[in-house]
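Letter by letter, the chains look like this.
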Amino acid sequence: MEHPDMNIEKRLFIENATLLFIASRNREGAMDVSPRGGQPCVLRVTEQGTLLLPDYSGNRRLDTIGNLLSNPRVALIVLNRGSNRYLRVTASVEVSFLAEDLACFPADENPPISVLILTPETVEFVDTAAFARADFWLDPDRRKPPLDLGAVVSADKRAQAAAGFGPVLKNAEEERLLANAGVRNVYGTPSEGVQKKVCDITGPGGLDFIDKANFIVVAHEGENGEIAIGLTAEAPLSVIPFDNRHAYRLRLPPEVTTGDEGECALLTVTPGRNELLRINGRFEEETRAVKIVPREVFFHCSAAFSRSRVWQRDRRSYWSGKRRFICVERRRESHDVASFVLRPRDNAPIGPVEPGQYVAVSLPDGTGAMRQRSYSVSRRPDGQSLRITVRRIGAGGISDLLHEKVEPGTDLLVGIPAGRFVLSSPPGRPIVLVSAGVGITPLLPMLEHLAREDDGREVWFIHAARDGAHHLFAEEAQSIVRRANNDRIHLVSCYSRPQEGDECDLVGRIDAAALVGLVPVRDVDFYICGPQAFMTSLSDGLVALGAAPDSIRFEAFAAAEGGLLDLSGTQTLSDSKVTFAKSGKTAIWTPREGSLLDLALQNGVDIPYSCRVGDCQSCVQRIVSGIADYPAGEVPLLAYDQVLLCQAVPHGDVVLEC
């Protein structure tokens, strides 16, 4: 039965959230607070009102998981982009490793390791001035570049050691609980760096970070001994020197109340920056402030904020990288064209796919090497499956693999829906969809979408083929129009070499002159897809006959020419050494080199690529060490150790696996 506090408004708030903070404490009462980020939402709400929170591979400290094994109570703050209120939830938690719970989330390149199942006890909205005061919901173009945390932490550890302070190791009792529960067998043992990154005094890098962090999440013991959690942006933490160490003074807003003293944990955040510093210790209340004596101070992994995308354009992603799908149906469309219906192996939703978008499909060739190519989604998705349609090229590429190897039951890896060849015309403006051959595939979902509209616009769906045997989806297009019962949709067929018995509207090759006799060229938007020569000549001809250049959109899957990412107007970038590990090459990157893909190609490194605008993700590679940034665009949603080369630049020296 759903919790009585979980009404529709609160459920929708949770389902729209991509970021939360969760507070827990261990058997001895020591407090912890951690961020969690997720796409397309950070929590899933079941029909019964329980909340599912996936836990991903990170730095393996497992503070929250370790606490929950001995104390299943938590408190959460759930955020919604742009909102000046948050949802505070208290709940009891069960940690699940069951396959059916993991299957609620995508089986992609960053799958969850466990799922926290939360049963809410209280669910309440809290208004706060903290978001506005800290300018938390800043514009994406004010996003800050990533910190080189490895360098900052190393410098801090050297300074701490010079001052006579060593690392604070993780609580031995918690480690025993994790081992006895089998959690360590699943997550693995943390590296030496993770084990020793915590200290009880802040280093110079941490102090500099604290000085700029004006948004703070504070978890503490409540007046009745419960876990309480709140937000403040009254001011950054101020340092109180004592005994050759540091304590901190934290100002609190009226809505955050504490007892006289007790355990606490803080997260210090700089809006626009994904990195954050965590402080665990004890507090003593002063007048509208608390004095915090730290026992543990360390930088938190930035993956949660990266995954939440709170300081980027609000475009939700239903998976990251490649996701495992299974072929559930195969259908021959012509002698060299076949359609494949693909369904996720997991039970998570596919999410929306805009008409005209494509997905990158990967599968291994005979040597075991993964081959990839992008294919349009060729019908309006039903929420459970995608259809792609592939013409066999016959050159030993991935189209041959698909035709030869993929049958119902075959697994494939599928990238997120991408592409900018989508319907973008204003309501009511007439549209002409023109395709040749297998170029019909992105236009079919557009036709389906337009057929469902009721805005009175005229639509022409024009397809060019060799003859009737090569006319793809003729019956499907007719069925779409019949179901719509819309006399403003016009189907036009053009056969260049019709066979005996073929019926078509035009004979010959479709060109701009032929379209002038069918449509008002100056007053429509064109969407064109087919061979490159077909699209180029048709576009040029239409412009010559009066069509506005910006009224013509076209799609192509060939690797884009050019490159050299435009870095004008971005923050100062410094020269960096880039090592391509497998290729055995090293190069110096400067802003003149453009993107990391540009640098790789200039130095003869073999990198697969296609669109060069960040959509197809063909050029995703593993980053072995160092960090990269995306100064000219959005940060893509990828697995933790991956980089999108065509949009990335190095932020210091980096090593790439390729």
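Within each chain, residues carry numbers counting from 1 in the order of the written sequence. Under the rules for a predicted model, residues below a pLDDT of 70 receive no local features and side-chain atom pairs below 80 are neither given nor counted, while totals for whole chains, interfaces and linings still include all residues. Based on all heavy atoms of the structure, the side-chain values leave hydrogens and waters out of the count.

Caption draft 1: Highlighting the pattern of salt bridges. For this document, the term salt bridge refers to a Lys or Arg side-chain nitrogen within 4 Å of an Asp or Glu carboxyl oxygen. Counted by the stated rule, this structure contains 42 salt bridges. Residue E9 is joined to R85 by a salt bridge in which the shortest nitrogen-to-oxygen separation is 2.7 Å. One end of the pair, E9, is in helix 1 (residues 8–15); the other, R85, is in strand 6 (residues 85–96), with 76 residues separating them in the sequence. Its relative accessible area of 43% is what places E9 among the partly exposed residues. For every residue, the accessible area obtained with a 1.4 Å probe (protein chains only) is divided by the maximum for its type, and the residue is called buried under 20%, exposed over 50%, and partly exposed between those limits. Among the residues examined, R85 registers a relative accessible area of 25% and is labelled partly exposed. Through salt bridges with shared partners, a single network forms among D32, R61, D63, K170, E174, R278 and E296. The way it works is that DSSP assigns letters per residue, a run of H or I at least four long becomes a helix, a run of E at least two long becomes a strand, and they are numbered from the N terminus.

Caption draft 2: View of the sheet that holds strand 26 (residues 552–555). Taken in spatial order, the six strands line up as 24-23-22-21-25-26 in an open sheet, and their pairing is parallel. The open sheet terminates on both sides in strands that have one partner only, identified here as strand 24 (506–507) and strand 26. Whether two strands pair depends on DSSP finding at least two bridges between them. Direction of pairing for strand 22 (residues 459–465) relative to strand 23 (residues 489–495): parallel, over a ladder of seven bridges. Within the sheet, the bridge partner assigned to A465 lies in strand 23 and is Y495. Contact definition: two residues touch when any of their heavy atoms are within 4.5 Å. Every angle, taken between N-to-C directions, lies between 0 and 180 degrees, and every axis is a line fitted to C-alpha atoms, over only the stretch in contact when it is a helix. Against the sheet, helix 12 (residues 443–452) contacts strand 21 (431–436), strand 22, strand 23 and strand 25 (525–529), and its axis sits at roughly 155° relative to strand 21.

Caption draft 3: Broad picture of the pairing of strand 18 (residues 370–376). Pairing of strand 17 (residues 358–364) with strand 18, which is carried by seven bridges, proceeds in the antiparallel orientation. Across the sheet, residue L363 finds its bridge partner in strand 18, namely R371. Two successive antiparallel strands, strand 17 and strand 18, enclose a turn made up of five residues, where G368 displays a positive phi of approximately 95°.

Caption draft 4: Structural context of the nonpolar core. Counting 30 residues, the largest nonpolar core has F21, V33, F136, F215 and F305 as the members making the most contacts within it. For this core, the elements supplying multiple residues, two or more each, are strand 1 (19–25), strand 2 (31–37), strand 5 (73–79), helix 4 (130–134), strand 8 (215–221), strand 9 (227–232) and strand 12 (261–269). Ignoring anything within four residues of it in the chain, the contact list for F305 reads L19, F21, P35, F136, V269, R273, N274, L276, V310 and W311. Judged by nonpolar contacts, the second largest core, of 28 residues, contains F13, L51, L53 and Y187. Only buried Ala, Val, Leu, Ile, Met, Phe, Trp, Tyr and Cys residues count toward a nonpolar core, and they belong to the same one when joined by side-chain atoms within 4.5 Å.

Caption draft 5: A look at helix 6 (residues 172–180). Of the residues making up helix 6, those classed as buried are E174, L177 and L178. Projected onto a plane normal to the axis of helix 6, the buried residues spread over an arc of 100° and lie on a single side. Contact partners of the buried residues in helix 6: helix 2 (63–70) and helix 7 (183–187). By the N-cap criterion, in which a side-chain oxygen at the helix start approaches the backbone nitrogen of a residue two or three places on, helix 6 is capped by N171, the distance to E173 being 2.8 Å. Where helix 6 ends, the next residue or the one after it, G182, has phi of about 80°, a positive value. Directions from the helix axis toward the C-beta atoms define the arc. The term polar contact refers here to a pair of N or O atoms within 3.5 Å; inside protein, the definition further demands a hydrogen-donor-capable atom paired with an acceptor-capable atom, and it admits residues adjacent in sequence only when both atoms are side-chain atoms.

Caption draft 6: Main features of the pairing of strand 7 (residues 114–127). Inspection of the sheet shows strand 4 (residues 51–55) paired to strand 7 by five bridges, in the antiparallel sense. Each residue of the ladder has a partner; that of P54, found in strand 7, is V115. Relative to strand 7, strand 6 is paired through 12 bridges, and the arrangement is antiparallel. The residue bridging V93 from the neighbouring strand is L118, located in strand 7.

Caption draft 7: Broad picture of the sheet that holds strand 33 (residues 654–656). Reading across from one edge, 28-27-33-29-31 is the order of the five strands in this open sheet, with mixed pairing throughout. Looking at the sheet topology across the chains shown, the edges are occupied by strand 28 (585–589) and strand 31 (642–644). Each strand of the sheet is rotated relative to its neighbour by a mean of 35°, with strand direction disregarded. Taken together, the three bridges between strand 27 (residues 576–580) and strand 33 define a ladder with parallel strand orientation. Counterpart to F580 in the pairing with strand 33 is L656.

Any link to function would need more than the numbers given here.
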